[in-house]
There are 2 protein chains.
Amino acid sequence: MEPFLSVFDSSPDGGRGLARDMPVRWALEEAGRPYQVRRLSFAALKEPEHLARQPFGQIPAYEEDGLVLFESGAIVLHVAEGCPTLLPTDRAARARAITWVFAAVNTVEPPVWDYDMAGFFDRGRPWQHERAAVLEAALRTRLGQLAQHLGDAEWLEGTFTAGDLMMICVLRRIEDAPLMADYPALAAYIRRGEARPAFQRAFAAQRALLDAKA
Amino acid sequence: MEPFLSVFDSSPDGGRGLARDMPVRWALEEAGRPYQVRRLSFAALKEPEHLARQPFGQIPAYEEDGLVLFESGAIVLHVAEGCPTLLPTDRAARARAITWVFAAVNTVEPPVWDYDMAGFFDRGRPWQHERAAVLEAALRTRLGQLAQHLGDAEWLEGTFTAGDLMMICVLRRIEDAPLMADYPALAAYIRRGEARPAFQRAFAAQRALLDAKA
């Protein structure tokens, strides 16, 4: 039976594919695994049926033969098992790929998210500009370190892994931000990820669902 | 050869064990694996030798037979491989445990961290009180959902796993916050974790190192 993925019924980002079903869709496409989607309204996220699958009322939730998982990072690792494109079989290379999945969600995502969200939540507040400067400095520190590690390489560990998939999904949130002009290697890295056929299929699938609704 | 763990040379939290070497130390103790530590000053974190191991200049870094890992979540999962206490051998139970590791670092930690850090960084700022209320509300949402999932259970998935280890390390940051009085099941959950002999050994080890320096 094909796994089920719970996704938003309408896009908070206008179809840019920034919601957290995107890394899971991409991983499923890299692994060549067909899946079905369960579309949820924002109201349905808070209903007992969904909370039984996803205790925090978020998307995605993932169902496969009675197993229910949540957290995009965990689902990506689950899908990646048995897919050497995403998770190398060599023990050390595998551990390094997993390291980058965590670096994406726990070290790079917080400053990316704070920077991006402040544009909405702080707009017009008296502290908007002062706080924006603090958040931009924190973000630039992480982007500089990431660019330094990447150097001239195509991917974080030589070959593409789940770590790149997750990192690129995190960075896409700010790919159009003016400050990205100062990190051309990261901008090119994002574009390399987006050029992968599996990414394009995943992106088109989330977009088609939203276009159908509109 | 015993693995090496890079840790702070002095504690930013006065020995409360909130730095990110703590989940790794705890996991190593649960797995019964001896380890050695490499003590780093704050200045040394930014030096090339450490950045070669940890591109973001953070602790912990982990070295084992030439393999270098970073990100506490990734190192905990690496240590957990082959330790059924931390990562069940059953495929579904294992995936659920990993789900909770990610829930700890990517869903629960951000509001815990924001709430805790605002007490330092926003102190005396014009936005301090307004922002504190927003952050507390966000944190209460997550704590309420986590308490709802935990219910009367001892651990998140029946038996203790790496997911509990990571979640308890995240929650310890606010265990003394007044709002925890409203979540007695979570307070008891933290205490159950802290009562484990492996936690106590890990806590004592980080504390002894700091006491020796002082």
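Residues numbered from 1 in each chain as written. Chains lettered and ligands numbered in written order. Predicted model: local features only at pLDDT ≥ 70, side-chain atom pairs only at ≥ 80, totals over all residues. Heavy atoms only, no water.

A.B. asks: Would you take a moment to explain the interface of chain B and chain A for this structure?
C.D. replies: By a widely used convention, the size of an interface equals the accessible area lost when the partners come together. Opposite the 40 residues of chain B that make contact, chain A presents 40 residues. Counting the surface chain B buries against chain A, the share from its top three residues, F56(B), F102(B) and W127(B), is 19%. For the interface between chain B and chain A, the tally reads four salt bridges. Linking chain B to chain A there are 16 residue pairs in polar contact (both at pLDDT 80 or more). In terms of residue class, the side of chain B that touches chain A is built from 19 nonpolar, nine polar and 12 charged. (Contact = heavy atoms within 4.5 Å. Buried area = accessible area lost by both parts, 1.4 Å probe. Salt bridge = Lys/Arg side-chain N within 4 Å of Asp/Glu carboxyl O. Polar contact = N/O pair within 3.5 Å; in protein donor to acceptor, adjacent residues only side chain to side chain. Nonpolar A, V, L, I, M, F, W, Y, C, P; charged D, E, K, R; others polar.)

A.B. asks: Teacher, can you tell me more about the domain arrangement of chain A here?
C.D. replies: Residues and elements named next belong to chain A. By the assigned domains, chain A splits into domain 1 (4-85 + 198-213) and domain 2 (91-196). Placing the centre of domain 1 and that of domain 2 at their C-alpha centroids yields a distance of 21 Å. Across the boundary between the two partners, domain 1 contributes 19 residues, which contact 19 residues of domain 2. Broken down residue by residue, the surface that domain 1 buries against domain 2 is led by L18, W26 and F199, which jointly contribute 32%. Note that R94 and E81 form a salt bridge whose closest N and O atoms lie 3.3 Å from each other. Linking domain 1 to domain 2 there are 10 residue pairs in polar contact (both at pLDDT 80 or more). For the side of domain 1 that touches domain 2, the elements supplying multiple residues, two or more each, are α1 (21-30), α3 (72-80) and α8 (197-213). In terms of residues, the side of domain 1 that touches domain 2 owes the most to one element, α1, which gives five residues. Of the residues assigned to the side of domain 1 that touches domain 2, the class counts are 10 nonpolar, five polar and four charged. (Domains from an automatic or database assignment. Helix = DSSP H or I, 4+ residues; strand = E, 2+ residues; numbered from the N terminus.)

A.B. asks: What exactly am I supposed to notice about the side chain of R96(B) here?
C.D. replies: Along the polypeptide, R96(B) turns up in helix α4 (residues 91-121). Excluding residues that lie within four positions of it along the chain, R96(B) makes contacts with L67(A), V68(A), L69(A), F70(A), H149(B) and E157(B).

A.B. asks: Sorry, what's going on with helix α7 (residues 184-194) of chain A here?
C.D. replies: Every α-helical turn comprises 3.6 residues, leaving residues that sit three or four positions apart pointing alike. Residues and elements named next belong to chain A. Considered for burial, the residues of α7 that qualify are L186, A187, Y189, I190, G193 and E194. End-on view of α7: buried residues confined to an arc of 160°, all on one side of the axis. Facing away from the buried surface of α7 by more than 90 degrees, the exposed residues are P184 and R191. Elements in contact with the buried residues of α7: α1, α5 (128-150), α6 (162-172) and α8. (Buried < 20%, exposed > 50% of the residue type's maximum accessible area, 1.4 Å probe, protein only. Arc of directions from axis to C-beta.)

A.B. asks: Explain the confidence of the model for chain A to me, please; I cannot follow it from the model alone.
C.D. replies: Low pLDDT means the predicted atomic positions in that stretch should not be read closely. Per-residue confidence for chain A gives a mean pLDDT of 94, with 100% of residues at or over 70. Interface scoring of the predicted complex returns ipTM 0.96; its pTM is 0.97. (pLDDT = per-residue confidence, 0-100.)

A.B. asks: Sorry, what's going on with the environment of R39(A) here?
C.D. replies: Residues and elements named next belong to chain A. For R39, the position within the fold is in strand β2 (residues 36-40). Here the alpha-carbon distance between R39 and S10, two residues 29 residues apart in the chain, equals 8.5 Å. Other than its neighbours up to four places away in sequence, R39 contacts V7, D9, L209 and K213. Polar side-chain contacts of R39 include one of 3.0 Å to the side chain of D9.

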